[in-house]
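Observations on chain architecture
This is what each chain is made of:
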Amino acid sequence: MLNLVFSICKKEQSIWVLLLFLSFSGCKKGDLIPNAAPDTFLSIESINLSGENRLNSTVNLTWFGTDIDGYVSHYEIKINEGEWQKTTLQDSTFLFEINPNEDSTDINFYVRAIDNENQEDPSAAYLKVPLKNSPPIVHFETATLPIDTTNLVITFRFRASDPDGDNTLKHIYLRANAGDWQEIDLNQKLVSVIPQKTEQLGAGNASLYYGLSTNVASTINGFNNGGDNILQLKVTDIANAESKVDSTSIIYVKPQTSDLLVVSGHNDGIAATYKELISAAYGNADYVNFAGNNGLNQPRFWDPSFRLLASNYDKVFFHSNEATFTNPLTGADGKMLDFAAPIIQNLIDNRKKVMVTTAFATGVDLSTMGGVLSIDSLSSSRGQAFFTSDSFAVSNDVAYPPLQPSSFLLATDPFYPALEAEILYNAQLTPSGGWVGPRVMAIRRKNLQNKVNLVVFTIEFHRLDKLKSNQLQTLSKILNEAFNW
């Protein structure tokens, strides 16, 4: 080829051939072509939105780059007048900030590709992102609230969200009735409210507890002890936009009037019987019937609701039977004492006194409540143990009178007590069907100071009513003497 070109040059003497020769000679020397800059592209060129149609502050953007003589190694991003930030991604979800007290803004977004020789795109891709701030949202979880009446404690869960992203939420506030708004912890979703002065009627301060904590987290004013209450919530976001206020229905809060709390797991008729017994043997007491309203009166959260309630009392009398209940919030099934057992243990550990009277169904599982109640086990024998109306339950302590049922009890629940328990009553039982087993129907347990802090009857106490005066004397000795420390 070289000879051909040279020949043409000699023969034709043409300037065009000479130029061709010179061009060929230049290529022969191997000069490098300069590196070409990469190009950058956004997946959308513009966002033509305005007014209420503007985007929320959380936006997903996508980009890519090309390079004709190499490859794109990474990208750099800049927002408004900020610094270029390196990334190897080609898409990302951005939470853009809107200035406080503004409901809309425009974001200038830039992205440029960088090639393998570290050369940047001199004309970065650009997009104007029109934003509007959406107000946040908050609401009480209604299913977690008491129906319409509660003793001392209101426990609830709430949900807060923001269309711009939940991480844009900034503050949450709670108030009671016409009281002041009080900021609470946005990250704590379970809150309990209880009056600081549980026996004082009228508007006053209330303590707030988070989750299962035993420590007061904050206080609010305007809480009406012994009256109607409406709780309210509101939230704000990082742009200071405020949610609509959410309110509970009216909740009547019963005050504390005694040092004795009586908890019923029976129907209203039997609950009334116990009320008469307590009134005659002890006097004034506060009552709550968790079996009422088909079990819907139960605490949605036994802990903290029942724990916070019971911890304000020096003594707790808990009467129930073998019935199974369903928690109205969780749907969990169990004996009422299964739900209450951890709280009873907590009360005893904190120098409270507890009396329990109950009955057990055949094959009952004692794994939850047995240890708390100092019950080792029940008889596994076939047959049954009868307690006839002409038989007695006799105490190992001569200060306690004998007890008798007024009717024939077909199936009783005598038990083997745990080692730490003292036998309080043995029953004169009649075996049937080959039954063998213990005769213990009541125990008491003492603390390290030799003070009685637990009494348990596994024959329902209201049935031991043939000798009414003895029944009242026994109840009085437990509540007024054994528990009087």
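All figures in this text were calculated on a predicted structure; none of them were measured in a lab. (Residues numbered from 1 in each chain as written. Predicted model: local features only at pLDDT ≥ 70, side-chain atom pairs only at ≥ 80, totals over all residues. Heavy atoms only, no water.)

So, about the overall build of the protein. Across its full length, the protein holds six helices and 33 strands. Taken over C-alpha atoms, the radius of gyration comes to 39 Å for the protein, far larger than the 23 Å a tight globule of 485 residues would show. In the protein, buried positions account for 47% of the 485 residues. Across the protein, every contact between residues at least 6 apart in sequence was considered, and the portion connecting residues at least 24 apart equals 68%. Accessible surface for the protein amounts to roughly 23700 Å². Of this, 49% is attributable to carbon and sulfur atoms. (Helix = DSSP H or I, 4+ residues; strand = E, 2+ residues; numbered from the N terminus. Rg over C-alpha atoms; globule rule 2.2 N^0.38 Å. Buried < 20%, exposed > 50% of the residue type's maximum accessible area, 1.4 Å probe, protein only. Contact = heavy atoms within 4.5 Å. Areas by Shrake-Rupley, 256 points an atom, 1.4 Å probe, with all protein chains shown as cover.)

Turning to the confidence of the model for the protein, a few remarks are in order. Mean pLDDT over the protein works out to 91, with 93% of the residues at or above the 70 mark. Counting interchain partners and residues more than four positions distant, the pLDDT-below-50 stretch residues 1-28 has nine contacts. (pLDDT = per-residue confidence, 0-100.)

Among soluble globular proteins, nonpolar side chains are generally buried collectively. One finds Leu261, Phe306 and Phe318 to be the most contacted residues of the largest nonpolar core, which totals 42 residues. Taken together, the elements giving at least two residues each to this core come down to strand 20 (260-264), helix 4 (302-310), strand 22 (315-319), helix 5 (336-349), strand 25 (353-357), strand 32 (440-446) and strand 33 (452-457). With nine residues, the top contributor of residues to this core is helix 5. Apart from residues no more than four positions distant in its own chain, phenylalanine 318 is found in contact with Val263, Trp302, Phe306, Met336, Leu337, Ala340, Met355, Val356 and Thr357. (Core = buried A, V, L, I, M, F, W, Y, C linked by side-chain atoms within 4.5 Å.)

For the coordinates displayed, the defined rule picks out 16 aromatic pairs. With a centroid separation of 6.4 Å and an interplanar angle of 40°, the aromatic rings of tryptophan 63 and phenylalanine 94 are classed as tilted. Note that tryptophan 63 is positioned in strand 2 (residues 58-66) and phenylalanine 94 in strand 5 (residues 91-95), a separation of 31 residues in sequence. Comparing tryptophan 63 with phenylalanine 94 shows no difference in burial state: the two are buried. Considering the side-chain rings of tryptophan 302 and phenylalanine 339, the 5.9 Å spacing of their centres and the 20° angle between planes classify their relative orientation as stacked. In this pair, tryptophan 302 is assigned in helix 4 and phenylalanine 339 in helix 5, connecting sequence segments 37 residues apart. Assigned by exposure class, tryptophan 302 and phenylalanine 339 land together as buried. (Phe/Tyr/Trp six-rings, centres within 6.5 Å; stacked < 30°, edge-to-face > 60°.)

Packing of helix 3 (residues 268-281) against helix 6 (residues 468-482) brings their axes to within 9 Å, and their N-to-C directions diverge by 70°. What the angle tells us is that helix 3 and helix 6 run roughly perpendicular. Here the hand of the crossing between helix 3 and helix 6 comes out right-handed. Here Leu277, Ile278, Ala280 and Ala281 of helix 3 come into contact with helix 6, specifically with Lys468, Gln471, Leu472, Leu475, Ser476, Leu479 and Asn480. Counted by class, the contact of helix 3 with helix 6 contains seven nonpolar, three polar and one charged residues. (Axes fitted to C-alpha atoms, helices over the stretch in contact; angles between N-to-C directions. Parallel < 35°, antiparallel > 145°, perpendicular 65-115°, else oblique. Left-handed = near helix turned anticlockwise from the far one by under 90°. Nonpolar A, V, L, I, M, F, W, Y, C, P; charged D, E, K, R; others polar.)

Pairing is antiparallel in the open sheet, where five strands are placed in the order 8-10-13-14-15. Only two strands of the sheet have a single neighbouring strand rather than two, namely strand 8 (137-140) and strand 15 (218-225). Neighbour-to-neighbour, the strand axes of the sheet open up by a mean angle of 35°, direction not taken into account. Where strand 13 (residues 190-195) meets strand 14 (residues 202-210), five bridges bridge the pair, whose relative direction is antiparallel. (Pairing = 2+ DSSP bridges.)

Time to look at the sheet that holds strand 5. Within the open sheet, the three strands sit side by side as 1-2-5. Their pairing is antiparallel. The sheet is open, and its two borders are formed by strand 1 (39-42) and strand 5, each paired with just one other strand. Strand-to-strand, the axes of this sheet are offset by a mean angle of 30°, without reference to chain direction. Examined bridge by bridge, strand 2 and strand 5 share five bridges and lie antiparallel to one another. Looking at strand 5, one finds that asparagine 60 is bridged to threonine 93.

Another aspect to go through is the side chain of histidine 266. Tracing the backbone shows histidine 266 in the loop between strand 20 and helix 3. Residue classification places histidine 266 among the buried positions, given a relative accessible area of 1%. Side chain to side chain, histidine 266 and histidine 319 meet in a polar contact 2.8 Å long. Among all residues touching histidine 266, those that are not within four sequence positions of it are Ala271, Tyr274, Asn289, Ala291, His319, Ser320, Asn321, Glu460 and His462. (Polar contact = N/O pair within 3.5 Å; in protein donor to acceptor, adjacent residues only side chain to side chain.)

Now for the pairing of strand 6 (residues 104-115). Note: strand 3 (residues 72-79) against strand 6, seven bridges, orientation antiparallel. Looking at the pairing, isoleucine 79 lines up with phenylalanine 109 of strand 6. Both strand 6 and strand 7 (residues 125-132) contribute to a ladder of eight bridges, which runs antiparallel. Within the sheet, the bridge partner assigned to serine 104 lies in strand 7 and is lysine 132.

Attention now goes to the pattern of salt bridges. Summed over all chains, the structure comprises 13 salt bridges. A salt bridge links glutamate 420 to arginine 445; the shortest N-O distance between them is 3.9 Å. Taken together, the residues glutamate 420 in the loop between strand 29 (415-417) and strand 30 (421-427) and arginine 445 in strand 32 connect sequence positions 25 residues apart. With relative accessibility at 42%, the residue glutamate 420 sits in the partly exposed group. Here glutamate 481 makes a salt bridge to lysine 477, at a shortest N to O gap of 2.8 Å. Here glutamate 481 and its partner lysine 477 are both found in helix 6, four residues apart, which amounts to about one turn of the helix. On the basis of relative accessibility, which here comes to 48%, the residue glutamate 481 falls in the partly exposed class. Note on lysine 477: relative accessible area 14%, which makes it buried. (Salt bridge = Lys/Arg side-chain N within 4 Å of Asp/Glu carboxyl O.)

Now for the pairing of strand 19 (residues 251-254). On a regular strand, one side chain projects to one face of the sheet and the next to the other, so that they alternate. Every second residue of strand 19 is oriented toward a common face, the buried set being Ile251 and Val253 and the non-buried set Tyr252 and Lys254. Here three bridges tie strand 9 (residues 149-151) to strand 19, and the two strands are oriented parallel to one another. When the bridges of strand 19 are listed, threonine 150 appears paired with valine 253. Relative to strand 19, strand 16 (residues 228-229) is paired through two bridges, and the arrangement is antiparallel. Considered in strand 19, the bridge of asparagine 229 is made with isoleucine 251.

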